[in-house]
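# Reading the structure
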Amino acid sequence: MIQYHPFWKTLKDSTETTYTLIHKYHISSATIDKLRNNKPLNTTTLNDLCRILHCKLEEVAEYVPSESDQFL
């Protein structure tokens, strides 16, 4: 399962807020909700967040094995 717990720490350590993400960078409130609830995001959105926050992908998302993962 992909989790976005690192995003919240990275955001807190940055000069940005959810308000600036939404109003300055036009990240939708639905995307913020997806981040809060560990819902799927597309790679373009992850790329945008990394560019805005000047960080690496692992500072936004992490993979955590889960029993609820879909079997391949």
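Everything here concerns the structure above.
Each value, and the rule that gives it
- Residues numbered from 1 in each chain as written.
- Predicted model: local features only at pLDDT ≥ 70, side-chain atom pairs only at ≥ 80, totals over all residues.
- Heavy atoms only, no water.
- Core = buried A, V, L, I, M, F, W, Y, C linked by side-chain atoms within 4.5 Å.
- Buried < 20%, exposed > 50% of the residue type's maximum accessible area, 1.4 Å probe, protein only.
- Helix = DSSP H or I, 4+ residues; strand = E, 2+ residues; numbered from the N terminus.
- Contact = heavy atoms within 4.5 Å.
- Lys, Arg positive; Asp, Glu negative; His and termini not counted.
- Salt bridge = Lys/Arg side-chain N within 4 Å of Asp/Glu carboxyl O.
- Disulfide = S-S within 2.5 Å.

## Side note on the nonpolar core
Judged by nonpolar contacts, the single largest core of 16 residues is most densely connected at Tyr4, Phe7, Leu21, Leu35 and Val60. For this core, the elements supplying multiple residues, two or more each, are α1 (5–13), α3 (29–36) and α4 (43–53). Broken down by element, this core gets its largest block of residues, five residues, from α4. Ignoring sequence-local partners within four residues, the contact set of Leu35 consists of Tyr4, Phe7, Trp8, Leu41 and Leu49.

## A few points about the side chain of Glu16
Note on placement: Glu16 falls in the loop between α1 and α2 (18–23). Although Glu16 lies buried, it forms no salt bridge, and the closest oppositely charged side chain, Lys24, sits 4.6 Å away as judged by the N-O distance. Sequence-distant contacts of Glu16, defined by excluding residues within four places in its chain, comprise Leu11, Tyr25, Ile52 and Leu53.

## Considering the state of the cysteines
Using the criterion set out here, one finds zero disulfides in the structure. Left unpaired, Cys50 is separated from the closest cysteine sulfur, that of Cys55, by 4.3 Å. Residue class for Cys55 comes out buried when judged on its relative accessible area of 14%.

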